[in-house]
Amino acid sequence: MIASANGAIGIDGVWADIEGGLDPITAVERAAWFVEDNLDDHSVGTGGLPNLEGVVELDASIMDGNSRRAGCVAGLAGYRHPISVARAVMERSPHVLLVGEGAAKFAHEVGAEGADLLTDSAKAIWEHAVKQLDPGEAADPLTRVMALTTDPEKAAGTVNFLYLADDGSMASSVSTSGWAWKWPGRAGDSPVIGAGNYCDSRYGAAACTGFGELSIRASTARMVVRYLADGMSPEDAGITAIRDLEDLVDSSNNFIMHIVILAADGRHAAVSTKAETMYAIRETDSDGARLVPRTYVPIKG
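Please read all numbers here as calculations on a predicted model, not as lab measurements. (Residues numbered from 1 in each chain as written. Predicted model: local features only at pLDDT ≥ 70, side-chain atom pairs only at ≥ 80, totals over all residues. Heavy atoms only, no water.)

## Section: the overall build of the protein
Part 1 of the argument: Assigned secondary structure in the protein consists of 10 helices and 13 strands.
Part 2 of the argument: Against the globule reference of 19 Å for 301 residues, the protein gives a C-alpha radius of gyration of 18 Å, in line with a compact fold.
Part 3 of the argument: Here the contacts in the protein between residues at least 6 apart in sequence split such that 67% fall between residues at least 24 apart.
Part 4 of the argument: Accessible area for the protein stands at about 12400 Å²; split by element, carbon and sulfur atoms hold 49% of it.
Part 5 of the argument: Each charge sign in the protein was given a centre, from 24 positive and 42 negative side chains, and these centres are 3 Å apart. (Helix = DSSP H or I, 4+ residues; strand = E, 2+ residues; numbered from the N terminus. Rg over C-alpha atoms; globule rule 2.2 N^0.38 Å. Contact = heavy atoms within 4.5 Å. Areas by Shrake-Rupley, 256 points an atom, 1.4 Å probe, with all protein chains shown as cover. Lys, Arg positive; Asp, Glu negative; His and termini not counted. Charge placed at Lys NZ, Arg CZ, Asp CG, Glu CD.)

## Things to note about the packing of aromatic side chains
Aromatic rings considered in pairs are described by the distance between their centres and by the relative angle of their planes.
Part 1 of the argument: The tally for this structure, following the rule as stated, stands at two aromatic pairs.
Part 2 of the argument: Centre to centre, the rings of Trp179 and Phe211 are 5.2 Å apart; their planes meet at 45°, and the pair counts as tilted. Taken together, the residues Trp179 in the loop between strand E6 (170-176) and strand E7 (197-200) and Phe211 in the loop between strand E8 (204-210) and helix H8 (212-218) connect sequence positions 32 residues apart. Across this residue pair, the class does not change: Trp179 and Phe211 are buried.
Part 3 of the argument: Their ring planes at 80° and their centres at 6.0 Å tell us that Phe211 and Phe255 sit as a pair that is edge-to-face. (Phe/Tyr/Trp six-rings, centres within 6.5 Å; stacked < 30°, edge-to-face > 60°. Buried < 20%, exposed > 50% of the residue type's maximum accessible area, 1.4 Å probe, protein only.)

## What to know about the packing of helix H3 (residues 82-92) against helix H4 (residues 100-109)
Part 1 of the argument: As a packed pair, H3 and H4 sit with axes 10 Å apart at the nearest point and diverge in direction by 80°. The orientation of H3 with respect to H4, classified from their angle, is roughly perpendicular. Across the interface between the two elements, Val85, Ala88, Val89 and Arg92 from H3 touch Ala103, Phe106 and Ala107 from H4. (Axes fitted to C-alpha atoms, helices over the stretch in contact; angles between N-to-C directions. Parallel < 35°, antiparallel > 145°, perpendicular 65-115°, else oblique.)

## Some remarks on the side chain of Arg282
Part 1 of the argument: Relative to the helices and strands, Arg282 resides in the loop between strand E11 (278-281) and strand E12 (290-293).
Part 2 of the argument: The class for Arg282 is buried, based on a relative accessible area of 11%.
Part 3 of the argument: A polar contact is formed between the side chain of Arg282 and the side chain of Asp12, at a distance of 2.9 Å.
Part 4 of the argument: Dropping the residues within four chain positions of it, Arg282 is found in contact with Met1, Ile11, Asp12, Trp15, Asp287, Gly288 and Ala289. (Polar contact = N/O pair within 3.5 Å; in protein donor to acceptor, adjacent residues only side chain to side chain.)

## A few points about the environment of Val44
Part 1 of the argument: Topologically, Val44 is positioned in the loop between helix H2 (24-36) and strand E2 (58-64).
Part 2 of the argument: Separated by 15 residues in the primary sequence, Val44 and Asp59 have C-alpha atoms spaced 8.8 Å apart.
Part 3 of the argument: Leave out the neighbours within four places in its chain, and Val44 touches Asn6, Val35, Glu36, Thr158, Val159, Ser175, Thr176 and Ser177.

## Observations concerning the sheet that holds strand E1 (residues 2-4)
Part 1 of the argument: In space, the eight strands of this open sheet follow the order E4-E3-E2-E6-E5-E1-E11-E12, with mixed pairing throughout. Looking at which strands have only one partner, the edges of the open sheet turn out to be strand E4 (97-99) and E12. Ignoring which end each strand starts from, the neighbouring axes of this sheet average 15° apart.
Part 2 of the argument: When strand E5 (residues 159-164) meets E6, the two strands line up antiparallel, connected through six bridges. Residue pairing for E6: Val159 is matched across the bridge by Ser175.
Part 3 of the argument: Contacts between H3 and the sheet are confined to E2, strand E3 (70-76), E4 and E6, with E3 contributing the most and set at about 130° to the helix. (Pairing = 2+ DSSP bridges.)

This is the structure we're talking about:
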């Protein structure tokens, strides 16, 4: 299993069950639970940073690499484990993606656990950001959202899990609270199959973290898997996908994109437009998840 660096606790948390034969879909779902419950991680689940109005809205997706079935939710408020709601969308509905109030109604119908997602710590961070605005910026919602959403570090937080079982089955999951201070209802790439998450057991899987608007426009996760199918190594597939985004980047923005990649033969890699970033990996018979460097790909935008 590989993950974004913040997913190391999820890998280790679920590993004993994996060794006991846990199926891939349940493995990536339960791994995400640990991060969704981590109050110190302000980019995922409970404790995630809220939207412009102070509401925590969660996005998640899960994909079965054998069948390429998927389930996704976007703008889900008030539920502890969005990844499990996404799984229920895949398994208990005829749909792939549910959003907003409809996603919340579905979560209620399937008995998902409710939660107060806005912690005191996340609320304090939000209130501090709002107080830094000058009166002109604070008065108009459109101006306010443009002023608040300029920090790339608060746009890039997400957790990704990619898992390859001994029998060749694969699954992937992505969970996030999205871009801090975002416009209510904004959905990034995390709940969009092909953009922030894609898994195909024949070739491999990929998941993205960063400026999701760009990976939506370029279908980045799906393109990485396409490059794997064409015979590229995981590292080359990730680098090529980053290069594909360069023409979309506004040079005035401090663009960030991270991608984790796991090939069907077990080779793996991760790439990033930010130097000195890491990702997590755990293999059979290892003592625990370890963090290894991503390949740095400087953007030319």
